[in-house]
Each structure stands twice: as C-alpha cells, then as structure tokens.
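The chain contents come next:
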Amino acid sequence: MRGKRIAVIGAGVSGLGAIKSCLEEGLEPTCFEGSSDIGGLWRYEEKTDSGRPSIYKSVICNTSKEMTAYSDFPFPDHYPNYVHNSRILEYLRMYTKHFNLMKYIQFLSKIRGVRKRPDFSSTGQWDVVVEAEGKQKSYVFDGIMVCTGFYADPFLPLHNFPGIKKFKGQYMQSWEYKIPEKFQGKRIIVIGIRNSAADLAIELSHVAAQVFLSTRWGTIWSRVWDNGMPVDTVLLTRFNSVLNKLYPTFLINRWAENKLNARFNHDIYGLQPQHRFLSYQNTLSDDLPNHIISGRVLIKPNVREFTETSAIFEDGTEEDVDVVVFATGYNFSFPFLENNSTVLDSQLSMFKYVFPPQLEKPTLAFIGILQPAGAIIPISELQSRWAVRVFKAIESLRFLFLNSPRTSRKVQYIDYMDELASEIRVKPNLFSLFLWDPKLAMEVFFGPCTPYQYRLQGPGRWDGAQRAILTQKERIVKPLRTRILSCGQPVPCLLRSVCAALLFILTLVILRG
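For every chain, the first residue of the written sequence is number 1, and numbering continues from 1 onward in sequence order. In view of the model being predicted, local features appear only for residues whose pLDDT reaches at least 70, and side-chain atom pairs are presented and counted only at 80 or more, with totals across whole chains, interfaces and linings using the full set of residues. Water and hydrogen atoms were dropped before computing side-chain values, which therefore reflect all heavy atoms in the structure.

Undergrad: Before we go on, may I ask you to explain the pattern of salt bridges in this structure?
TA: Side chains bearing opposite charge may pair, as long as their charged atoms lie close to each other. When a carboxyl oxygen of Asp or Glu lies within 4 Å of a side-chain nitrogen of Lys or Arg, that pair is called a salt bridge. For the structure on display, the rule yields 25 salt bridges. Across the pair glutamate 24 and lysine 20 runs a salt bridge whose closest N-O atoms are separated by 2.5 Å. In this pair, glutamate 24 and lysine 20 are both assigned in helix 1 (residues 13–24), four residues apart and thus about one turn of the helix distant. Buried means the residue's accessible area, taken with a 1.4 Å probe over protein chains only, is under 20% of the maximum for its type, while exposed means over 50%, and partly exposed covers the values in between. Note on lysine 20: relative accessible area 5%, which makes it buried. Among the ionic pairs, arginine 238 bridges to aspartate 418, the shortest N-O distance being 2.7 Å. On the criterion of sequence distance, the pair formed by arginine 238 in helix 7 (residues 238–246) and aspartate 418 in helix 12 (residues 413–423) is long-range, its members being 180 residues apart. Like arginine 238, the residue aspartate 418 is buried in the burial classification. Salt bridges linked by common partners bring Lys20, Glu24, Asp72, Glu381 and Arg455 together as one network. The helix and strand labels rest on DSSP assignments: H or I over at least four residues marks a helix, E over at least two residues marks a strand, and numbering proceeds from the N terminus.

Undergrad: Help me out: how do you make sense of the side chain of glutamate 338 in this one?
TA: Looking at where glutamate 338 falls in the secondary structure, it is placed in the loop between strand 17 (323–326) and strand 18 (364–366). Of the residues examined, glutamate 338 reaches a relative accessible area of 11% and is grouped as buried. Definition of a polar contact: a pair of N or O atoms within 3.5 Å, with one able to donate and the other able to accept a hydrogen when the atoms are protein atoms, and with sequence-neighbouring residues admitted only if both atoms are side-chain atoms. Separated by 2.7 Å, the side chain of glutamate 338 and the backbone nitrogen of lysine 116 make a polar contact. Once you skip the residues sitting within four places of it in the chain, glutamate 338 turns out to touch Val114, Arg115, Lys116, Trp126 and Val343. Residues are treated as being in contact if the distance between any of their heavy atoms lies within 4.5 Å.

Undergrad: Explain the sheet that holds strand 13 (residues 297–300) to me, please; I cannot follow it from the model alone.
TA: Each strand in a sheet pairs with another by means of backbone hydrogen bonds, the pair being arranged parallel or else antiparallel. Being paired, for any two strands, means DSSP has found at least two bridges between them. Strand order across the open sheet formed by five strands is 8-17-9-10-13, with parallel pairing between neighbours. Whereas interior strands pair on both sides, the edge strands pair on one side only; in this sheet they are strand 8 (170–173) and strand 13. Pairwise comparison of adjacent strand axes, ignoring direction, gives a mean angle of 20 degrees for this sheet. Judged from the four bridges that link them, strand 8 and strand 17 form a sheet pairing that is parallel. Residue pairing across strands places tyrosine 171 opposite valine 324, the latter belonging to strand 17. Packing of helix 5 (residues 195–205) onto the sheet brings it into contact with strand 9 (187–191), strand 10 (210–214), strand 13 and strand 17, and relative to strand 10 it is tilted by some 165 degrees. Fitted lines through C-alpha atoms give the axes, limited to the stretch in contact for helices. The angle between two N-to-C directions lies from 0 to 180 degrees.

Undergrad: Honestly, the packing of aromatic side chains in this entry has me stumped. Any pointers?
TA: The description of two aromatic rings rests on the distance between their centres and on the angle between their planes. Stacked, tilted and edge-to-face are the three classes assigned to paired rings of Phe, Tyr and Trp, where Trp is represented by its six-membered ring and a pair needs centres within 6.5 Å; plane angles under 30 degrees give stacked, over 60 edge-to-face, the rest tilted. Counted by the stated rule, this structure contains 30 aromatic pairs. Between phenylalanine 32 and phenylalanine 141 the ring centres are 5.9 Å apart and the planes differ by 80 degrees, which places this aromatic pair in the edge-to-face class. Linking phenylalanine 32 in strand 2 (residues 28–32) with phenylalanine 141 in strand 6 (residues 135–141), this pair joins segments that are 109 residues apart in sequence. The same class applies to phenylalanine 32 as to phenylalanine 141, namely buried. In this structure an aromatic cluster arises from ring pairing among Tyr70, Phe73, Phe75, Tyr79, Tyr91, Tyr95 and Phe99.

Right under this line is the structure:
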C-alpha cells in the first residue's frame, strides 16, 4: 500500500530529521529547499539572501556535540565539543549520506503557496504551489512539515529608536553581519544582549576603535562549567531535573545567581538583570567578561535617541558612533501559508509547539519553531517522530490536541523531550533499565540527557543507543586530550561516586539549615 505523501519545507537540521522520520514510518516525503544545498542556518554564505537564514563566519554552536546530535547518529568523537558552523555542515552531510536522504530533496524549489484543499475537512490534504526554474507547479500532499525555522525574517524595530533615520552613519541588523574586517577603526554600538549580540560585540572589539553594548539586563553563562566540562552535559541531567522539581524556585534562583556572580559580579559589570534567573533565557558567552574588564567592550543602558553622529543613552550619557548593529531577533514568518485563522491564528498557537489546534485534521506540523533551553536538533527530530505518527493515525489522535493552544516558544529541554517521547512511547523507563542494565540506568539518570536515550526502546529503537550512552563521556574527553600528561592518577570511580554522594548529603544538610 502506498504511503501518504508528505511535503517537507526546508532542508536544514529540522528538515533532514523530518525526511528520515517519514521514511521510518513508511511515508513518502518530498523536501522542497529554496537554495542549492542542505544545511539551512548552518551553511555559511558570504552574501545574505532575502528569506534565508544567515550566520556570520565565526559562529560556533552554543550547545555541545553530544547534546546536539541526532538520536541515532553521534558526532565523530574527534570533533570538538563546541562545533564551528563548517563542521556542523560536515556532520549534516554525513547524516544525509548515511541515511540516503538526498534523493528526497528538490533544490532551488521555493514554496509559493500552501492551502487547504476544498475537501480538507474529510481528507486533510493540501495544495502546494512550488516555483522552480521560473515555472510554478502544483502538488497535492497528505501532510505538511514546516521546517523553515525562524531566523530568516530579521526584526528591526527602528520605531523604538528616535532619530535613527537622520543618523549619518551605518545601521544594520545582525542578520546582515558576516566578517569584522570592514569595521576597522569604527566606533560601534551593538543593541541587544542575546548570544548574537555578545558574539558580535566581542568579535568587533578586535578591530573597532571602541564597541558599546547597549542592554537593559543580561545574565552571562559560560559554555565551560565545573571541571572544564560542557555546561549542558553537566546541568541537563535527569538527576538535576528531579532536583529542580523538588527544590523551591527561589532556592534554585539563588544557587544559580550565586554561581554566576562568583565568576564575575553582574552588578559591577552593568549586567545585573531585573528578572530572576529562571524567568528568562540567558546569554552564553565565554569571553564577554574578559572584554569588559579590558575596556574593549563598554556596557551601556538603552539608547534614548540618535543624533546625526551619536547615540544618547537613557542615563544621559552620549557617545559618538559610526555604526549601529541591531541584534534584535527575528519575526515568526510563514509567507507561503494561506492567511486563514482556521490554519494558524494571530498568536501562532500550536499544541506542544507542533500542531495548530484550529485545524479539522492534524496534517500540518511545525518542526523546530521554538526556543529550547538546550539543543534544537534532538527536539525537532523528536517532534518529527511524533508528527509522522500522528499523520499515520489521524482519527485516533485528533482528540489529543483540540482546544489546547500554547503561545510561548520557550521550553525546558528534558521536560519537553519527555513530554514528546511519552506520546510515542520512547521515554526511557528507568525502572526497567535498572533491572536490565544497572550501569546504563545510572548513566541515563546521572549523566547528560543525550538524545540517544530516546532510541533505547519503543518505535524507532536503535541498537547502538546503549553503546552511544555508555561511551558519551569518552567522546566528550577525547578532543580535549591533545596532550597526555604522564603525572597524576585518575581518581578511582568508586571514590568519585562516594565523594559525590557525601557532597550531596552535605548540601541537603546545609540547605535545611
């Protein structure tokens, strides 16, 4: 029997995972990619192209390789823990080749329209108009997976900055930025404090006469955590997830804020946030404090207005500037989708951030359109694994998501992954794992919550998942051991475990007063 035909829009990290998920469930995917190659956001281009995501040449992933991998395809063990964009593209090419995905992708094919068919209420089918080689062609699909991300439509709020139109210098959105050399000797103000803003301020400070970073707040994390390990592999564990549910929020906030202020005092550095730690997504930057303390980056408050040659800040200070970079984020934009509130409402409500709840049939899925406190690849992949199973069993699952809109796009990594995994019965069962393989169960609970955990059991089970989990720490350490020291003996595993247990008990005693 012929499988349902699914249109996958975009061949970036989410689109590639969507193609593979369709194939795993016997569906027939066709992926439409507007550019000439795979990679999406992670394929660096020297020129920007309207409607496409854009990155600067030096971009490094903010999530570590073990937490970022597809669930059945680990990164090569010699790759660094935080991977440059060029290596992520290499990894995507390896993934595409390994699972033979390229033949399902139509390049230079731009989606011009996605509309419900007249009989949608009974069939759930869609009319899709695609433009390729200057000609438009219509297709009929049983399901749509939108994998375009949200880094293609830059948000430039010029109306919030009086005087910017008469400013005689250059202003741009960070989406346009590529390399720092052409800003040699300039006085530059970067507006924003998310990851891109911090990265650009640091990079530009090496060539600029002076860089100002204008922000209202900012909590700065480092990619490198205790013992030099990647921060997400230390903090994103099931053990920590349990503690987060047991401990009161104010206590977690206090611990995190004390931990971060021990590295540098956010108040002294002009970055003290008005919000508590857990109430907002924070910024990852290893180098910003070093650039602030050396004077290469100066923290300033919000810009009140611009003159022809300067910026006047809310505290009344004024600085001459040549260039303004707005690192102000992106709009959610799906220009190909019919403007119909029965498809997607004005709040972009999506049940579990995937399915618009207004549709009579759940045959439209948005993949990777959220901001997790963790890596996007494993989340988008798990969304796809769930979506394709919904496509295959529409009637039996339809009741699960009617009248259940959500508007926020920020999610906690483990909680959300487990929520999706429970829908398709791939959430790891710690009790059965402990009976079957205690060593594996301990690593699943106390170790990093890597994507391989969601291939241990249930649909899509991968035979290599157990080994991938038990060897993940070796892959973390390997790229760091470029020089082996002959002195010093490793602490025995049992001793480490005992010390960790004693430290945990002592912590509980202290917290209880």
